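The residues making up each chain are set out below.
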Amino acid sequence: QVQLVESGGGLVQAGASLRLSCTASGRNLSDSSMAWFRQYPGKERDFERDFVAAVEYMTERRYYADAVKGRFSVSRDKAKNTLYLQMDSLKPEDTAVYRCAAAASVWGSALYTARYFDNWGQGIQVTVSS
């Protein structure tokens, strides 16, 4: 069974940067797409999770939500079985719980949809103060 563990969150001021990590164990995920979603208090169901960014399996193409384009960068280190999210120029509206996800055989527009991912981390809080 795959386990995903996020780290790197915290409380920062607007304009600051954070780097999130998601380390997988139990299986090598180099053949899976991996993504970051974020969710807000009271919105725990998968369709309420907002897509942030993803790396598509095989092509390694990167996808971003419009709200984070130009500020966030997603990458992964296959040797370390780890997904990263570099977040720059953070805004108060970026405040959320960030969760990483993984799924085999998910690509293209399906990457934007949480319900297609079957492995999830517990999430990590990111708080941006104004």
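Before any of the text, the structure's been laid out above.
Everything quoted here is computed from the prediction, not taken from an experiment.

Draft legend 1. Structural detail: the sheet that holds strand β1 (residues 3-7). Taken in spatial order, the four strands line up as β1-β3-β8-β7 in an open sheet, and their pairing is antiparallel. One side of each edge strand has no neighbouring strand; the edge strands of this open sheet are β1 and β7 (72-77). Pairs of neighbouring strands in the sheet enclose a mean axial angle of 15 degrees, with direction left out of account. Here β1 pairs with strand β3 (residues 18-25) via five bridges, running antiparallel. From the neighbouring strand, Leu-4 faces β3, where its bridge partner is Ala-24.

Draft legend 2. Structural view of the pattern of salt bridges. Summed over the entire model, instances satisfying the criterion amount to six salt bridges. A salt bridge links Asp-31 to Arg-27; the nearest nitrogen and oxygen atoms lie 3.3 Å apart. Each of the salt bridges in this network shares a partner with another, and the network as a whole consists of Arg-38, Arg-71 and Asp-94.

Draft legend 3. Spatial organisation of unusual backbone geometry. We note that Glu-60 has phi near 60 degrees; this positive angle belongs to a residue other than glycine. Checked against the element boundaries, Glu-60 lands in the loop between β5 (50-55) and β6 (62-64). At Asn-81, a residue that is not glycine, the phi angle is positive and equals roughly 55 degrees. Relative to the helices and strands, Asn-81 is located in the loop between β7 and β8 (82-87). According to the relative accessible area criterion, Asn-81 is buried, its value standing at 12%.

Draft legend 4. A look at the packing of aromatic side chains. One pass over the full model with this rule turns up seven aromatic pairs. An angle of 70 degrees between the planes, with centres 5.5 Å apart, marks the rings of Phe-37 and Phe-117 as edge-to-face. Within this pair, whereas Phe-37 is found in strand β4 (residues 32-39), its partner Phe-117 is found in the loop between β9 (96-104) and β10 (119-120), the two being separated by 80 residues in sequence. Take Phe-117: its relative accessible area is 4%, and that puts it in the buried class. A centroid spacing of 6.3 Å and a plane angle of 65 degrees characterise the contact between Phe-117 and Trp-120, whose relative ring orientation is edge-to-face. Three or more aromatic residues joined by ring pairs make a cluster, and in this case those are Phe-37, Phe-51, Tyr-63, Tyr-112, Phe-117 and Trp-120. Across from the ring centre of Tyr-84, 4.0 Å away, lies the NZ or CZ of Arg-19, which sits over that ring. One Lys or Arg, Arg-49, reaches over the ring of Trp-120 and ends 4.4 Å from the middle of that ring.

Draft legend 5. Here's a closer look at empty space enclosed by the protein. Taken as a whole, this structure holds one cavity of 30 Å³ or more when the rule is applied. In this structure, the largest cavity encloses a volume near 40 Å³.

Rules used throughout
Residues numbered from 1 in each chain as written. Predicted model: local features only at pLDDT ≥ 70, side-chain atom pairs only at ≥ 80, totals over all residues. Heavy atoms only, no water. Pairing = 2+ DSSP bridges. Helix = DSSP H or I, 4+ residues; strand = E, 2+ residues; numbered from the N terminus. Axes fitted to C-alpha atoms, helices over the stretch in contact; angles between N-to-C directions. Salt bridge = Lys/Arg side-chain N within 4 Å of Asp/Glu carboxyl O. Buried < 20%, exposed > 50% of the residue type's maximum accessible area, 1.4 Å probe, protein only. Phe/Tyr/Trp six-rings, centres within 6.5 Å; stacked < 30°, edge-to-face > 60°. Lys NZ or Arg CZ within 6 Å of the ring centre and 35° of its normal. 1 Å grid on protein atoms, 1.4 Å probe; cavity = no way out; pocket = protein on both sides within 12 Å on 5 of 7 lines; lining within 4 Å. Points joined across faces, edges and corners; volume = space filled by probe spheres on them.

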